[in-house]
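Chain by chain, the residues run as shown.
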Amino acid sequence: MFALAQHYVEDLLDLLYPQLCAACGIHHPTRDSALCVTCQFELPRTDFHLFSENPMTRRLTGRFAFEAATAMFYFVKDTPVQYLLHRIKYQGRKEAALHLGRHYGRELKELPGYTTIDLVIPVPLHPTREHQRGYNQSAWLARGLAEGLGVPVHERGLSRVRKTETQTHKSRQQRLDNTVGAFVVQEQRRITGKHILLVDDVMTTGATLEACALSLLQLTDIKLSIVTLAIAQD
Ligand SMILES: [Zn+2]
């Protein structure tokens, strides 16, 4: 009940006081964007999508089969990218994920590896966490990407059935053991035979993406590509 009232108050504040740039928090965003002009030009874009082999694909190769993988920004601590991710995740700026996804989806639409995507699926949060936060930031990013690509989104294509422990200070194998079996594919008939774009907010070790991918790849005739908003150092 409290959470509901809090969201209502936040929505009301947004109406009364239009929000500032989701990255710098200083300037006003431009139309149809959550970012100001400066941040639109100065945030550290990776441009990974222009290369079939890139640091993202190298981090994932050999772990599961995929067509293409990219991240929009480099995640660097104490920079506007970190503030952007923080505002999206913890301060209700879900519309920023939607806008960024929409713009990036339009850029990806004509590129090799992305033209054949049929359906977008976000990495899910555990239902308890989603209830606490009021939304899944990756689902908002997925929605934007789907709009930009001109394909449907299946927001509940994967569900998280088990909470995972903190991944830091674990080995790669421990992280994988910790996440495998945490995700279950829903409505398999909607997914089988499709090229799926799996979406998450930040790629760090890739353990979560790997666990989601391995669940999806158990279905027959699936192709998979990966997009995240940012990539952090492993
Ligand atoms: Zn800005």
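Now for a description of the structure that goes with this document. Keep in mind it's a predicted model, so treat the numbers as computed, not measured.

Overview of the nonpolar core
Part 1: Counting residues in hydrophobic clusters, the biggest one holds 39 residues, and the most contacted among them are F73 and L84.
Part 2: Within the residue set of this core, elements represented by two or more residues are β1 (69-74), α4 (80-90), α5 (94-108), α7 (137-149), β5 (195-203) and β6 (223-231).
Part 3: Beyond its immediate stretch of four places on either side in the chain, L84 contacts A22, A23, L35, L43, F73, A96 and L100.
Part 4: With 28 residues, the next largest nonpolar core counts L60, A71, F183 and C212 among its residues.

Things to note about α7
Part 1: Compared with the 18 Å implied by 1.5 Å per residue over 13 residues, the 18 Å span of α7 between its first and last C-alpha is a close match.
Part 2: Most of α7 is tucked away: eleven of the 13 residues are buried.
Part 3: Along α7, the positions that sit buried rather than exposed are Q137, S138, A139, W140, L141, A142, G144, L145, A146, G148 and L149.
Part 4: In the core, the buried residues of α7 are packed alongside α4, α5, β2 (119-122), α6 (127-133), β5 and β6.
Part 5: Backbone nitrogen of S138 and a side-chain oxygen of the N-cap are separated by 3.0 Å at the start of α7; the cap is N136.
Part 6: Positive phi appears at G150, one or two residues downstream of α7, with a value of about 75°.

A few points about unusual backbone geometry
Part 1: In this model, D32 sits at a positive phi of 60°, which is unusual for a non-glycine residue.
Part 2: For D32, the position within the fold is in the loop between α1 (2-16) and α2 (37-42).

Re the sheet that holds β5
Part 1: Taken in spatial order, the four strands of this open sheet run β1-β6-β5-β2, and their pairing is parallel. Looking along the sheet, the strands with just one partner apiece sit at the ends: β1 and β2. In this sheet, adjacent strand axes meet at a mean angle of 20° when their direction is disregarded.
Part 2: Sheet topology note: the β1/β6 ladder contains five bridges and is parallel. Its bridge partner being in β6, F73 is matched across the sheet by A230.
Part 3: Each of β1 and β6 is contacted by α5, which is oriented at about 130° to β1, the strand it contacts most.

Looking at α4
Part 1: Among all positions in α4, only V81, L84, L85, R87 and I88 are buried. Seen from one end, α4 has its buried residues packed into an arc of 165°, which puts them on one side.
Part 2: Where α4 is buried, its residues meet β1, α5, α7, β5 and β6.
Part 3: At the exit of α4 stands G92, carrying a positive phi of roughly 75°.

Cut-offs used in this document
Residues numbered from 1 in each chain as written. Predicted model: local features only at pLDDT ≥ 70, side-chain atom pairs only at ≥ 80, totals over all residues. Heavy atoms only, no water. Core = buried A, V, L, I, M, F, W, Y, C linked by side-chain atoms within 4.5 Å. Buried < 20%, exposed > 50% of the residue type's maximum accessible area, 1.4 Å probe, protein only. Helix = DSSP H or I, 4+ residues; strand = E, 2+ residues; numbered from the N terminus. Contact = heavy atoms within 4.5 Å. Expected span 1.5 Å × (residues − 1). Polar contact = N/O pair within 3.5 Å; in protein donor to acceptor, adjacent residues only side chain to side chain. Pairing = 2+ DSSP bridges. Axes fitted to C-alpha atoms, helices over the stretch in contact; angles between N-to-C directions. Arc of directions from axis to C-beta.

Structural measurements only, silent on function.
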